[in-house]
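One-letter residues, chain by chain:
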Amino acid sequence: MAEKSMERIVSLCKRRGFIFPGSDIYGGLGSTYDYGPLGVLLKNNVRNAWWKAVVQKRDDVVGLDSAILMHPRTWEASGHLQGFTDPLVDCKSCRKRFRADHLLEARSAEMKGLKEEPVDMRDVRCPACGGELTDIRQFNLMFKTFMGPVEEDANTVYLRPETAQGIFVNFNLVRESSRMKVPFGIAQVGKAFRNEITPGNFTFRTREFEQMELEYFVKPGTDEESFEGWKAFMMEFFTGLGGKADNFRYYEHPKEDLSHYSKRTVDLEYLFPWGWSELWGCANRTDFDLKRHGEFSGQDLSYLNQETGERYVPYVIEPSLGLDRATLAFLVDAYDEIDGGRTTTTESAKEEETVLRLHPSLAPIKAAILPLSKKEPLLGMAREIYGKLSDRWFVQYDQSGSVGRRYRRQDEIGTPFCVTVDFETPDDGKVTVRERDTMAQERVPIVDLEGYLAGRLGC
Ligand code: GAP
């Protein structure tokens, strides 16, 4: 396989309608992206897989969909107003803007083995032009806007930088309405916004993104065991959906780098084409958030165990995953290029071939229906099969080009099965089903087709 290059993956995403640059006709808007027809299906499938594993299949987790705009006191209580900042420096010559901590890390890596003492920011120059950098300023990452027609400080509200706070402020309402007993979790998927100084690497770091967060409330003292369980779950989620185990690893945050609310944080990292990077963070947030919201709102957010009479503020284990980042990791992991192609029989055999080896439950299109002729009776039979299968799954009908070309088009978008309606079909009532990864072909009676595909797709 040729080495995975981000450029080629980005190009496939645009060409085949997975992900487009945002506001493209106006020249784009700083690291925003739009999901195209196939991208929206893939992203929905990732979201649904997470929701199924975290909420649907567990009787100790319930879902929530809270508002993006929250009372501004939320962000005082959570610490975001004061502390959700990144250190920013500007180049005095070329005016480029950087995160000081990223520059320090890069410089330290360069100096490794050459210099013992820690790198001083004053020794760091602009990586773009070598110019002098400004002093560090702390820059708050929250987007501000105004509620109502008057733009004044009293009306300032923020676009939420994480979905988690919507869960904490609803803790009592969810617990009481759903009669949940600790340990239990509240999950939600939704947009979050961060005015990142250095967005980049395609959809990996953007200013508008979706998070899939779980806040799992436990009795203090049981938090460490629960943490281990969720840590293992993160790896199982990705490998269970076809992720290659070698491309995932854990990273334990050193104590001195922990966020203000965290007792322990472990990231699941993925080996992206540019290197290992955070995919999914699991934090032990202790009772920090519930206590702070209790103090700031004046409401009692403690929990009473009716059976034992114990009252406590629960600890929280938080596995927090970016939906866009997860979708990107699945795309990168599934992307496969075969030099010279996999087949030697088609006219396009010598071309490079791309196969997106997505897990069947994530694949945007589950099957493609390909008649070998545009004439009756093949055409009518193919349309009928399409009509039946589309009741259940997203399937595509494609009658244009050679069948080899049509297979390739489907391989490239990750369609697990192609169903060919051929010249024997009218006589024997069977179609040829071709599997994406092995290219193995099997004749299947049309009457059994839906059940056959359901068994092989597993969804
Ligand atoms: N509530 C905890 C929290 O938000 P985080 O580590 O800042 O923790 C959690 O974010 C996850 O959200 C990350 O692991 C990543 O998958 C995703 N994420 C964070 N910032 C992002 C960004 N700018 N663009 C895309 N995804 C992002």
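Here is what the cut-offs are and how they apply
Residues numbered from 1 in each chain as written. Predicted model: local features only at pLDDT ≥ 70, side-chain atom pairs only at ≥ 80, totals over all residues. Heavy atoms only, no water. 1 Å grid on protein atoms, 1.4 Å probe; cavity = no way out; pocket = protein on both sides within 12 Å on 5 of 7 lines; lining within 4 Å. Points joined across faces, edges and corners; volume = space filled by probe spheres on them. Helix = DSSP H or I, 4+ residues; strand = E, 2+ residues; numbered from the N terminus. Nonpolar A, V, L, I, M, F, W, Y, C, P; charged D, E, K, R; others polar. Domains from an automatic or database assignment. Core = buried A, V, L, I, M, F, W, Y, C linked by side-chain atoms within 4.5 Å. Buried < 20%, exposed > 50% of the residue type's maximum accessible area, 1.4 Å probe, protein only. Pairing = 2+ DSSP bridges. Phe/Tyr/Trp six-rings, centres within 6.5 Å; stacked < 30°, edge-to-face > 60°. Salt bridge = Lys/Arg side-chain N within 4 Å of Asp/Glu carboxyl O. Axes fitted to C-alpha atoms, helices over the stretch in contact; angles between N-to-C directions. Parallel < 35°, antiparallel > 145°, perpendicular 65-115°, else oblique. Left-handed = near helix turned anticlockwise from the far one by under 90°. Contact = heavy atoms within 4.5 Å. Near = heavy atom within 4 Å. Polar contact = N/O pair within 3.5 Å; in protein donor to acceptor, adjacent residues only side chain to side chain. Areas by Shrake-Rupley, 256 points an atom, 1.4 Å probe, with all protein chains shown as cover.

(A) View of the layout of surface pockets. Quantified by volume, the second largest pocket comes out at close to 540 Å³. Forming the walls of the second largest pocket are 21 residues, and the residues nearest its centre are N48, A49, K52, S361 and C459. Of all elements in the fold, only α2 (37-56) and α8 (223-240) reach the threshold of two or more residues within the lining of the second largest pocket. At 7 residues, α2 tops the list of elements feeding residues into the lining of the second largest pocket. Residues of the lining of the second largest pocket, tallied by class, amount to 10 nonpolar, 6 polar and 5 charged. Both domains that meet at the lining of the second largest pocket, namely domain 1 (20-69 + 150-332) and domain 3 (339-457), each give it at least three residues.

(B) View of the nonpolar core. Membership of the largest hydrophobic core comes to 58 residues, with the highest contact counts inside it found for F18, W50, F237, F238, L279 and W280. The residue makeup of this core includes at least three contributed by each of domain 1 (20-69 + 150-332) and domain 3 (339-457). Formed by 20 residues, the second largest nonpolar core is a distinct cluster that contains L378, F417, V419 and V421.

(C) Region of the structure containing the pairing of strand β21 (residues 417-421). Summarising burial for β21: 5 of the 5 residues are buried, a large majority. What you see with β21 is no split at all: F417, V419 and V421 on one side and C418 and T420 on the other are buried throughout. With 4 bridges connecting them, β21 and strand β22 (residues 430-435) associate as antiparallel partners. In the strand pairing of β22, V419 is matched with V433.

(D) The arrangement of the packing of aromatic side chains in detail. Taken as a whole and assessed by the stated rule, the structure comprises 22 aromatic pairs. With centroids separated by 5.3 Å and ring planes inclined at 75 degrees, the aromatic side chains of F204 and F272 adopt a geometry described as edge-to-face. Within this pair, whereas F204 is found in the loop between β9 (184-193) and β10 (208-218), its partner F272 is found in strand β12 (residues 264-272), the two being separated by 68 residues in sequence. Under the relative-accessibility criterion, F204 is labelled buried at 7%. Judged by its relative accessible area of 2%, F272 falls in the buried class.

(E) Structural context of the pattern of salt bridges. Going through the model one piece at a time under the given rule, you end up with 42 salt bridges. The salt bridge involving E352 is made with R8; its shortest N-O contact spans 2.3 Å. With E352 in the loop between β17 (335-338) and β18 (353-356) and R8 in helix α1 (residues 6-15), this pair connects stretches of sequence that are 344 residues apart. Residues D428 and R443 are paired through a salt bridge, measuring 2.7 Å at the closest nitrogen-oxygen approach. One end of the pair, D428, is in helix α13 (residues 425-428); the other, R443, is in strand β23 (residues 441-445), and 15 residues separate them in sequence. Owing to a relative accessible area of 35%, D428 belongs among the partly exposed residues under this scheme. Note on R443: relative accessible area 30%, which makes it partly exposed.

(F) Layout of the packing of helix α11 (residues 378-389) against helix α14 (residues 449-457). Running from amino to carboxyl end, α11 crosses α14 at an angle of 50 degrees, the nearest separation of the two axes being 11 Å. Considering their axes alone, α11 and α14 lie oblique with respect to each other. Like other packed secondary-structure pairs, α11 and α14 cross with a definite hand, here right-handed. The segment α11 lies against α14, with I385, K388 and L389 engaging L449, E450 and L453. Classifying every residue of the contact of α11 with α14 by side-chain character gives 4 nonpolar, no polar and 2 charged.

(G) Expanded view of the site of the ligand. Lining the immediate environment of the ligand, one finds 20 residues, of which E162, R194, T206, E213 and E278 sit closest. Here a nitrogen atom of the ligand sits 2.5 Å away from a polar atom, N or O, in the side chain of E213. The separation between a nitrogen atom of the ligand and a polar side-chain atom of R285 is 3.4 Å. Contact with the protein chains removes 90% of the 550 Å² of surface that the ligand exposes when unbound. Of all the secondary structure elements, the ones that give two or more residues to the shell around the ligand are β10, β13 (275-286) and β16 (315-322). Per-element tally for the shell around the ligand: the top contributor is β13, with 5 residues. Partitioning the shell around the ligand into residue classes produces 6 nonpolar, 5 polar and 9 charged.

(H) Broad picture of the sheet that holds β23. What the 5 strands build is an open sheet, ordered β20-β19-β21-β22-β23; its pairing is mixed. The sheet is open, and its two edges are formed by β20 (395-397) and β23, each paired on a single side. The sheet shows a mean angle of 25 degrees between the axes of neighbouring strands, direction not considered.

(I) Main features of the environment of L258. You can see L258 is positioned in the loop between β11 (248-252) and β12. Taking the relative accessible area as the measure of exposure, L258 reaches 18% and is therefore buried. Counting along the chain gives 25 residues from L258 to A283, while the straight-line C-alpha distance between them is 9.2 Å. What L258 contacts, discounting residues up to four positions off in sequence, is H253, K263, R264 and T265.

(J) View of unusual backbone geometry. Residues V182 and P183 are joined by a peptide bond in cis, for which omega reads 5 degrees. Following the sequence through the fold, P183 ends up in the loop between α7 (171-178) and β9. The omega torsion of the bond from E376 to P377 falls at 5 degrees, within 30 degrees of zero and hence cis. Mapped onto the elements, P377 comes out in the loop between β19 (367-371) and α11. The backbone phi angle of R179 is positive, close to 50 degrees, even though this residue is not glycine. Tracing the backbone shows R179 in the loop between α7 and β9. We classify R179 as exposed; its relative accessible area is 74%. The phi torsion at M439 lies on the positive side, around 65 degrees, for a residue other than glycine. By the secondary structure assignment, M439 is in the loop between β22 and β23. Overall, M439 belongs to the partly exposed group, its relative accessible area being 23%.

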